[in-house]
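# Reading the structure
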Amino acid sequence: MRILVTGSSGWLGQTLVPRLQNASHDVIGMDLLPAPTTQIVGSVADRALVRSTIRDFQVNAVIHSAALHKPNIETHETSAFVSTNVQGTLSLLEESVSQGSKVDRFVFTSTTSLMISREIRAARSRNVTEALWIDEEMTPLLPRNIYGVTKFAAEHLCRLFHQTHGLPVLILRTARFFPEEDDMAHEISQSGPNTKANELLFRRLSVEDAAESHVVAISKAAELGFDTFIISAKTPFHRGDCRQLIADAPAVVERYFPNYRGLYARVGWTMFQRIDRVYDSGKASRILGFECRYGFKEMLEELAAKSGGRD
Ligand SMILES: NC(=O)c1ccc[n+]([C@@H]2O[C@H](COP(=O)([O-])OP(=O)(O)OC[C@H]3O[C@@H](n4cnc5c(N)ncnc54)[C@H](O)[C@@H]3O)[C@@H](O)[C@H]2O)c1
């Protein structure tokens, strides 16, 4: 397939493009910023550029990952979010279904962030009695910032273009895979690597798995038509754990990973005392046939190997 990948110079894009190439796809990368993984330097909101790219390269499939995202809230105007995340998505969808286009599938990189409302976020610091179990059925969705609002609007554009034009579209609501510190780091007592390790239990995945989910999605989109998937490392938890995850998360983790305390102690790490939400990626496993390779278990195995010996 000849695949247009937007956001090809980014953290995800630079991992995704070589993987698609290894899977024998021809990739055209488009990004505002130059990189070895990008051929077209320009904006997805530039409709003429999107049109000529899709036409001239006879693109068969689009993976749309370019976005302004959470860190850009501090640096960009609200209208820039609308331009990139909404207008950009619309340009790509319109040119994908325009006469003469050869595009027969579209994958949109979305975010689990849009599922977290102000109320849910505020509840983290209140006296909630159980963790929130989050799957694709959760309603209502009331995104709390311009990032979530524009990503949700873009998801709706994807749905609309599937309904009105029959374009197969898969939406991947990806959990966090950024390498930076959490923007709430000041509220977290754990170090960056410790935090990321803990998050693999309920809200994180590796960038390699994020990329791989797109490789699988583009191969399945035509067959699946339209769907939305949460993409996160497989959680070991079950709904029945939600109360105890708030009361005593380390005890729940220990039930699933009896060796975790010893391994954590060796490197001076600690578990979060409470875990207030769990992203369930079960639907992606059942319907998309995708499961992350790297999760908490694999991280513990690495820790055991690095810190030497058995545990
Ligand atoms: N990083 C995460 O933890 C995370 C979590 C959930 C979802 N996502 C989503 O994954 C996607 C990729 O995220 P990332 O972490 O690689 O971000 P990134 O910032 O590293 O990459 C995004 C890329 O998009 C490009 N871009 C921005 N505006 C553009 C425009 N108008 N036209 C063309 N290119 C433009 C940027 O130059 C950048 O290279 C985004 O859609 C993001 O919303 C990321």
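Reading guide: rules and limits
Residues numbered from 1 in each chain as written. Predicted model: local features only at pLDDT ≥ 70, side-chain atom pairs only at ≥ 80, totals over all residues. Heavy atoms only, no water. Helix = DSSP H or I, 4+ residues; strand = E, 2+ residues; numbered from the N terminus. Buried < 20%, exposed > 50% of the residue type's maximum accessible area, 1.4 Å probe, protein only. Contact = heavy atoms within 4.5 Å. Pairing = 2+ DSSP bridges. Near = heavy atom within 4 Å. Polar contact = N/O pair within 3.5 Å; in protein donor to acceptor, adjacent residues only side chain to side chain. Areas by Shrake-Rupley, 256 points an atom, 1.4 Å probe, with all protein chains shown as cover. Nonpolar A, V, L, I, M, F, W, Y, C, P; charged D, E, K, R; others polar.

## Here's the deal with the environment of Ser-24
Here Ser-24 shows up in the loop between α1 (11-22) and β2 (26-31). Along the sequence, Ser-24 and Met-1 sit 23 residues apart, while their C-alpha atoms lie 7.9 Å from each other.

## Points about helix α6 (residues 192-199)
Burial of α6 is extensive: six of the eight residues sit out of reach of the surface. For α6, every residue scored as buried is listed here: Gly-192, Asn-194, Thr-195, Ala-197, Asn-198 and Glu-199. If you follow the buried residues of α6, they end up packed against α10 (260-267) and α12 (296-306).

## Section: the pairing of strand β7 (residues 169-174)
Within β7, six of the six residues are buried, which leaves the element mostly enclosed by the surrounding structure. Burial along β7 is two-sided: the residues Val-169, Ile-171 and Arg-173 and Leu-170, Leu-172 and Thr-174 are all buried. Two elements, strand β5 (residues 105-111) and β7, share six bridges in a ladder whose sense is parallel. Paired with Val-107 across the bridge in β7 is Leu-170.

## Describing the site of the ligand
Not every one of the 26 residues close to the ligand is listed here, only the nearest: Leu-12, Asp-31, Tyr-147, Lys-151 and Phe-177. Val-44 is positioned such that a nitrogen or oxygen atom in its backbone is 3.0 Å from a nitrogen atom of the ligand. In the complex, 90% of the free accessible area of the ligand, which totals 820 Å², lies under the protein chains. Elements represented by at least two residues in the shell around the ligand include exactly α1, β5 and α5 (146-165). In terms of residues, the shell around the ligand owes the most to one element, β5, which gives three residues. Classifying every residue of the shell around the ligand gives 11 nonpolar, 12 polar and three charged.

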